[in-house]
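What follows is each chain in one-letter form.
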Amino acid sequence: MRIISWVVALIVGIAVVLFAVSNRQMVDIGLWPLDGTVAVQLFIPVLVCGLVAFLAGGVVSWLSA
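Source: prediction; values computed, not measured.

**Q** Lay out the overall build of the protein chain with the relevant residues and their values.
**A** A tally of regular secondary structure across the protein chain gives two helices and two strands. Traced from its N-terminal end to its C-terminal end, the protein chain shows the element sequence α-β-β-α. On C-alpha atoms alone, the protein chain measures out to a radius of gyration of 16 Å, which is more than a quarter above the 11 Å that the 2.2 N^0.38 rule sets for 65 residues. Summarising its shape, the C-alpha atoms of the protein chain cover approximately 50 × 35 × 5 Å along the three principal directions. Taken over 65 residues, the protein chain has a buried fraction of 6%. Carbon and sulfur atoms provide 77% of the accessible area of the protein chain, an area that totals close to 5700 Å².

Structure below.
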């Protein structure tokens with residue numbers, strides 16, 4: 001069972017790296033109450049949102065246990 005979890009983690013890791021490499025175009029991000037924008041590569045806000053969602057799910061799961 002432990003080997004299966006390592007294989008799944010490896011596949012997910014490779015998919016994340018391929019996503020980051022293939023989405024390197026620049027996008028402008030502006031936060032509503034603040035003036036100005038920040039130019040970042042596209043994969044950064046996508047992966048940050050995914051990380052925040054993962055952590056929020058972990059917190060909800062932890063609090064419900």
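**Q** Which residues make up the environment of Val40, and what values go with them?
**A** Looking at where Val40 falls in the secondary structure, it is placed in strand 2 (residues 38–41). Along the primary structure Val40 and Val27 are separated by 13 residues, whereas in three dimensions their C-alpha atoms are 5.6 Å apart. The contacts of Val40, once residues within four sequence positions are left out, are Gln25, Met26, Val27, Ile29 and Pro45.

**Q** Could you give an account of the environment of Ile44, with specific residues and numbers?
**A** Structurally, Ile44 can be placed in helix 2 (residues 43–64). Since its relative accessible area comes to 38%, Ile44 is described here as partly exposed. Distance from Ile44 to Val27, taken between C-alpha atoms, is 9.9 Å for residues 17 residues apart in sequence.

**Q** I'd like a description of a nonpolar patch on the surface, backed by residues and values.
**A** On the surface, Met1, Ile4, Val8, Val12, Val16 and Leu47 cluster together to form a nonpolar patch covering roughly 580 Å² of accessible area. Looking at the secondary structure, you find Ile4 in helix 1 (residues 2–22). Under the relative-accessibility criterion, Ile4 is labelled exposed at 52%.

**Q** Please provide a residue-by-residue account of the side chain of Asn23, values included.
**A** Mapped onto the elements, Asn23 comes out in the loop between helix 1 and strand 1 (26–29). Each residue touching Asn23, except ones within four places of it in the same chain, is listed here: Leu42 and Phe43.

The rules behind the values
Residues numbered from 1 in each chain as written. Predicted model: local features only at pLDDT ≥ 70, side-chain atom pairs only at ≥ 80, totals over all residues. Heavy atoms only, no water. Helix = DSSP H or I, 4+ residues; strand = E, 2+ residues; numbered from the N terminus. Rg over C-alpha atoms; globule rule 2.2 N^0.38 Å. Buried < 20%, exposed > 50% of the residue type's maximum accessible area, 1.4 Å probe, protein only. Areas by Shrake-Rupley, 256 points an atom, 1.4 Å probe, with all protein chains shown as cover. Contact = heavy atoms within 4.5 Å. Patch = residues over 30% accessible without salt bridge, like charges linked within 9 Å, V, L, I, M, F, W, Y side chains within 5 Å. Salt bridge = Lys/Arg side-chain N within 4 Å of Asp/Glu carboxyl O.

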